[in-house]
Amino acid sequence: MISTETEYEKAQSELRDLQTRLERLQHEHPIGENGFTKAGIRKLIARLNEELAVFEGSEEARAVPSK
């Protein structure tokens, strides 16, 4: 779980790297080849997106002044 700004930035960098890797695999290997590898990368991307969203939501909640 992402709990600091540094972890958040690291996760964003990892997400960009995974997306680049997935694009390269899709280009180098047509549909049906390396399917498990591509699926695994997609799962990692989904997990990172979820963790980033949770952190962003918590940051927004902390930033909103209470009435």
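In this report, the structure presented in the accompanying data block is examined.

**Structural notes on the overall build of the chain**
Right, so step 1: Counting its regular elements, the chain contains two helices and zero strands.
Right, so step 2: Here the chain holds 67 residues, and the buried ones make up 21% of them.
Right, so step 3: The contacts in the chain between residues at least 6 apart in sequence include a share of 56% that link residues at least 24 apart.
Right, so step 4: Only carbon and sulfur atoms are counted for the fraction: they give 54% of the accessible area of the chain, which is about 5200 Å².

**Focus on the nonpolar core**
Right, so step 1: Residues Ile-2, Tyr-8, Ala-11, Leu-15, Leu-18, Leu-22, Leu-25, Ile-41, Ile-45, Leu-48, Leu-52 and Phe-55 constitute the largest nonpolar core, which totals twelve residues.
Right, so step 2: Here this core takes six residues from helix H1 (residues 5–28), the largest share from any one element.
Right, so step 3: Not counting residues up to four positions away in its chain, the partners in contact with Ile-2 are Glu-7, Tyr-8, Ala-11, Glu-51, Leu-52 and Phe-55.

**Comments concerning the side chain of Lys-38**
Right, so step 1: Examined against the element boundaries, Lys-38 turns out to sit in helix H2 (residues 35–63).
Right, so step 2: When its relative accessible area of 7% is taken as the criterion, Lys-38 is described as buried.
Right, so step 3: Within polar-contact distance, the side chain of Lys-38 engages the backbone oxygen of His-29 at 3.0 Å.

**Comments concerning the pattern of salt bridges**
Right, so step 1: Evaluated as defined, the whole model comprises one salt bridge.
Right, so step 2: Arg-47 is paired through a salt bridge with Glu-51; the nearest N and O atoms lie 3.1 Å apart. Of the two residues, Arg-47 and Glu-51 are both situated in helix H2; the distance of four residues between them amounts to about one turn of the helix.
Right, so step 3: Take Arg-47: its relative accessible area is 36%, and that puts it in the partly exposed class.

**Digging into the side chain of Glu-51**
Right, so step 1: For Glu-51, a relative accessible area of 18% corresponds to the buried category.
Right, so step 2: Once residues within four sequence positions are removed from consideration, Glu-51 is found in contact with Met-1 and Ile-2.

**Observations concerning H1**
Right, so step 1: Here H1 is 24 residues long and its end C-alpha atoms lie 35 Å apart, about the 34 Å a rise of 1.5 Å per residue gives.
Right, so step 2: All of the buried residues in H1 are Tyr-8, Ala-11, Leu-15, Leu-18, Leu-22 and Leu-25.

What counts, and where the lines are drawn
- Residues numbered from 1 in each chain as written.
- Predicted model: local features only at pLDDT ≥ 70, side-chain atom pairs only at ≥ 80, totals over all residues.
- Heavy atoms only, no water.
- Helix = DSSP H or I, 4+ residues; strand = E, 2+ residues; numbered from the N terminus.
- Buried < 20%, exposed > 50% of the residue type's maximum accessible area, 1.4 Å probe, protein only.
- Contact = heavy atoms within 4.5 Å.
- Areas by Shrake-Rupley, 256 points an atom, 1.4 Å probe, with all protein chains shown as cover.
- Core = buried A, V, L, I, M, F, W, Y, C linked by side-chain atoms within 4.5 Å.
- Polar contact = N/O pair within 3.5 Å; in protein donor to acceptor, adjacent residues only side chain to side chain.
- Salt bridge = Lys/Arg side-chain N within 4 Å of Asp/Glu carboxyl O.
- Expected span 1.5 Å × (residues − 1).

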